[in-house]
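# Summary of the model geometry
Residue strings, one per chain:
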Amino acid sequence: MTHPLTVAVLGPGGTGGLLAALLSRSGHHVLCLAGAETAENLRRDGITVRSPQFGDFTAAVDADTELRVPVDACLATVKHTALDAALTRVPPAVLGDALLVPLLNGVEHPALLRGRYRPDRVAPGVIRVESTRVAPGVIEHGSPFTEIDLAGDPVPRARLEALAGVLTECGATARVAGDETAALWAKMAFLAPFALLTTRYGVPLGTARTQHRAELEALVAETAAVGRACGAPADPVRALARYDAFPPAARSSMQRDAEAGRPLELDAIGGALLRAAERHGVPVPVARRLVRELRGAGY
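## Thoughts on the packing of aromatic side chains
Overall, the coordinates contain 4 aromatic pairs when judged by the stated rule. When the ring of Phe190 is compared with that of Tyr243, the centres are 4.5 Å apart and the planes differ by 15°; the resulting orientation is stacked. Here the residue Phe190 occupies a position in helix α7 (residues 180-201), and Tyr243 occupies one in helix α10 (residues 236-245), the gap between them amounting to 53 residues. For the pair Phe190 and Phe246, a centre-to-centre distance of 5.3 Å together with 45° between the ring planes defines the contact as tilted. Taken as a pair, Phe190 in helix α7 and Phe246 in the loop between α10 and α11 (253-260) lie far apart in primary sequence, 56 residues in all. For Phe190, a relative accessible area of 11% corresponds to the buried category. Classification of Phe246 by relative accessible area gives partly exposed; the value is 27%. Grouped by ring-pair contacts, the aromatic residues Phe190, Phe194, Tyr243 and Phe246 constitute a single cluster.

The following block contains the structure:
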């Protein structure tokens, strides 16, 4: 194993809790940053993971309401809707030289974070995983994969490679992406149509890709066009093939949030797509209508 790291996890929910547990199980010191009650539960009981990929296990973690000690990296795994409040738990002076790795949906957060922390230490990541917190410190990991792309154009590549190596040793499949914009838009190109369509109609992906096929194809084309305008390669045919290969019962995280009455990442996904389209003069009529209808429904 590589030299043990100290890693903070801001937001030990479905994604953060899984990574925290995997890092701890592999011998790294993990510090979860959360509210007082959650932090107390995690210190006492650790994190329990139920996973077809990693097995069922419980890992001990440290926890606090705020970062007070030096760390090697901080994984930010909160929802966009909670990001501003969560960042108060990570004082820039304490984070210092550590990597800040946001594993968030959307494409606008790197600029926000670089305005607050060292720009050359903000390393945006993309994670592909289905993992849910069913209770404080209890994580159900359902996907047979946990894939992470690390990026960060101004970040020293050696730092990214080292962290990717640690995450891979823990059981994830992690790599360093060559281009930050391409990595973020690759996920956006898949996520935005999936999230907007399933949430708007309240149906799983299998229904969305059949009964609303024309809208799905239009959304994929619109998102790809915006991505290309932002400098990211896009392949609409490949994107549609990915949707068709997904399990028909799959639901987007935005749809699950809507069904549970939680705040939606509508602005971070749909709003960001519309803003990028506006900047580059790319028409996105279907995306614009769906965002308008979701906002009109109170989201």
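Okay, back to it.
## Some words on the nonpolar core
Among the nonpolar cores identified, the biggest contains 41 residues, and Trp185, Met188, Val226 and Tyr243 are the most heavily contacted of them. Residue assignment for this core shows that the elements contributing at least two residues are α7, α8 (205-211), α9 (213-229), α10, α11, α12 (266-280) and α13 (285-296). Among the elements that take part in this core, α7 stands out by supplying 10 residues, more than any other. Setting aside its immediate chain neighbours within four residues, Met188 contacts Gly106, Val107, Pro193, Thr223, Ala268, Ile269, Ala272 and Leu273. Listed in part, the 40 residues of the second largest apolar core include Cys32, Ile127, Leu150 and Ala174.

## Comments concerning the pattern of salt bridges
Close approach of charged atoms allows side chains of opposite charge to pair. Applying the stated rule across the entire model yields 25 salt bridges. The shortest N-O distance in the salt bridge between Asp45 and Arg44 comes to 3.1 Å. Take Asp45: its relative accessible area is 44%, and that puts it in the partly exposed class. Assessed through its relative accessible area of 54%, Arg44 is described here as exposed. Residues participating in the shared-partner salt-bridge network are Asp97, Arg118, Asp120, Arg121 and Arg159.

## Points about the sheet that holds strand β7 (residues 99-102)
Taken in spatial order, the 5 strands of this open sheet run β5-β2-β1-β6-β7, and their pairing is parallel. One side of each edge strand has no neighbouring strand; the edge strands of this open sheet are β5 (62-64) and β7. The sheet shows a mean angle of 20° between the axes of neighbouring strands, direction not considered. Looking at chain direction, strand β1 (residues 6-10) and strand β6 (residues 73-76) are connected through 4 bridges and run parallel. By the bridge assignment, Val7 is partnered in β6 with Ala73. Strands β1, β2 (29-33) and β6 of the sheet are contacted by helix α1 (residues 14-25), whose axis makes an angle of about 160° with β2. Most of the contacts of helix α2 (residues 36-45) go to β5, to which it runs at about 165°, and overall it touches β2 and β5.

## Quick word on the sheet that holds strand β11 (residues 147-150)
Overall, mixed pairing links the 3 strands, which are arranged β8-β11-β12 in an open sheet. The strands lining the two open edges of the sheet, one partner per strand, are β8 (125-128) and β12 (173-176). When strand polarity is set aside, the average angle formed by the axes of neighbouring strands in this sheet is 15°. Bridging between β8 and β11 involves 4 bridges; their strand directions are antiparallel.

## Some remarks on the side chain of Ser143
Inspection of the secondary structure assignment puts Ser143 in the loop between β10 (138-141) and β11. Within the structure, the side chain of Ser143 is placed 2.8 Å from the backbone oxygen of Phe145, a separation counted as a polar contact. If near-sequence neighbours (up to four positions away) are discounted, Ser143 is found in contact with Pro52, Gln53, Val129 and Glu130.

## Quick notes on the pairing of strand β3 (residues 47-50)
Only one face of β3 is buried: it carries Ile47 and Val49, and the other face, with Thr48 and Arg50, is open. Note that β3 and strand β4 (residues 57-59) share 3 bridges and pair antiparallel. The residue of β4 that forms the bridge with Val49 is Phe57. Taking the residues that link successive antiparallel strands as the turn, the β3-β4 hairpin has 6 residues, and the phi of Gly55 there is positive, at about 85°. Relative to β10, β3 is paired through 3 bridges, and the arrangement is parallel.

So, how was this worked out
- Residues numbered from 1 in each chain as written.
- Predicted model: local features only at pLDDT ≥ 70, side-chain atom pairs only at ≥ 80, totals over all residues.
- Heavy atoms only, no water.
- Phe/Tyr/Trp six-rings, centres within 6.5 Å; stacked < 30°, edge-to-face > 60°.
- Helix = DSSP H or I, 4+ residues; strand = E, 2+ residues; numbered from the N terminus.
- Buried < 20%, exposed > 50% of the residue type's maximum accessible area, 1.4 Å probe, protein only.
- Core = buried A, V, L, I, M, F, W, Y, C linked by side-chain atoms within 4.5 Å.
- Contact = heavy atoms within 4.5 Å.
- Salt bridge = Lys/Arg side-chain N within 4 Å of Asp/Glu carboxyl O.
- Pairing = 2+ DSSP bridges.
- Axes fitted to C-alpha atoms, helices over the stretch in contact; angles between N-to-C directions.
- Polar contact = N/O pair within 3.5 Å; in protein donor to acceptor, adjacent residues only side chain to side chain.

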